[in-house]
Amino acid sequence: FFFSFSLADAAQDAVTSMQEKKAEEEIDRLTAELDRMVGLHEVKEEIRSLVNLIKVKRLREKYKLPQMNMSYHMVFTGSPKKGKTTVASFSFSYL
């Protein structure tokens, strides 16, 4: 059994860990901002579901597991001044 560990591997692992932590903090910040929006219960649930799906996809990539094809296509409809553009731009921030 041969085990090889280099300083470069350790540094890469540390950078990856810091990037993952920063991304998770940004997701938490965006989720808190979403929660402050009034109403939009169905939209909030849909965005949370999408965020969880993206997290699973990234974990599958990290561990070299088979990937599923996904589309992040969304259509926002409704009356004027109901927050469609706000939610659309907010949703894009998660991606």
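Residues numbered from 1 in each chain as written. Predicted model: local features only at pLDDT ≥ 70, side-chain atom pairs only at ≥ 80, totals over all residues. Heavy atoms only, no water.

The next thing to look at is the overall build of the protein chain. Within the protein chain, the secondary structure is distributed over 3 helices and 0 strands. Order of helices (α) and strands (β) in the protein chain, N terminus to C terminus: α-α-α. Taking all 95 residues of the protein chain together, 15% fall into the buried category. The contacts of the protein chain with a sequence gap of at least 6 include a subset with a gap of at least 24, amounting to 50%. For the protein chain, the accessible area works out to roughly 7800 Å², and carbon and sulfur atoms hold 59% of it. (Helix = DSSP H or I, 4+ residues; strand = E, 2+ residues; numbered from the N terminus. Buried < 20%, exposed > 50% of the residue type's maximum accessible area, 1.4 Å probe, protein only. Contact = heavy atoms within 4.5 Å. Areas by Shrake-Rupley, 256 points an atom, 1.4 Å probe, with all protein chains shown as cover.)

Looking now at unusual backbone geometry. Positioned with a positive phi, Leu 40 is a non-glycine residue whose angle comes to about 55°. When you line up the elements, Leu 40 lands in the loop between α1 (7-36) and α2 (41-62). Since its relative accessible area comes to 27%, Leu 40 is described here as partly exposed. Even without glycine at this site, Lys 64 takes up a positive phi of about 55°. Relative to the helices and strands, Lys 64 is located in the loop between α2 and α3 (84-94).

Scored by pLDDT, the protein chain has a mean of 80; 84% of the residues are at 70 or more. Across the protein chain, α2 holds the top mean pLDDT of 87, while α3 sits lowest at 78. (pLDDT = per-residue confidence, 0-100.)

Quick look at the pattern of salt bridges now. Enumeration over the complete set of coordinates arrives at 7 salt bridges. In this structure, Lys 62 engages Glu 20 in a salt bridge whose closest nitrogen and oxygen atoms are separated by 3.5 Å. With Lys 62 in helix α2 and Glu 20 in helix α1, the pair connects residues that are 42 residues apart, well separated along the chain. Assessed through its relative accessible area of 43%, Lys 62 is described here as partly exposed. (Salt bridge = Lys/Arg side-chain N within 4 Å of Asp/Glu carboxyl O.)

With that settled, consider α2. Between its first and last C-alpha atoms α2 spans 32 Å; for 22 residues at 1.5 Å apiece the expected length is 32 Å, and the two agree. For α2, the set of buried residues is Lys 44, Ile 47, Leu 50, Val 51, Ile 54 and Lys 57. The arc that holds the buried residues of α2, viewed along the axis, is 145°, so those residues lie on one side. Pointing more than 90 degrees away from the buried face of α2 are the exposed residues His 41, Glu 42 and Glu 45. (Expected span 1.5 Å × (residues − 1). Arc of directions from axis to C-beta.)

Here we come to the side chain of Lys 57. Within the secondary structure layout, Lys 57 lies in helix α2. Setting aside residues no more than four positions away along its own chain, Lys 57 makes contact with Gln 67, Met 68, Met 70 and Tyr 72.

Moving on, we get to the side chain of Lys 44. On the secondary structure map, Lys 44 appears in helix α2. Despite its burial, Lys 44 pairs with no opposite charge; the closest candidate is Asp 35, at 5.2 Å N-O. (Lys, Arg positive; Asp, Glu negative; His and termini not counted.)

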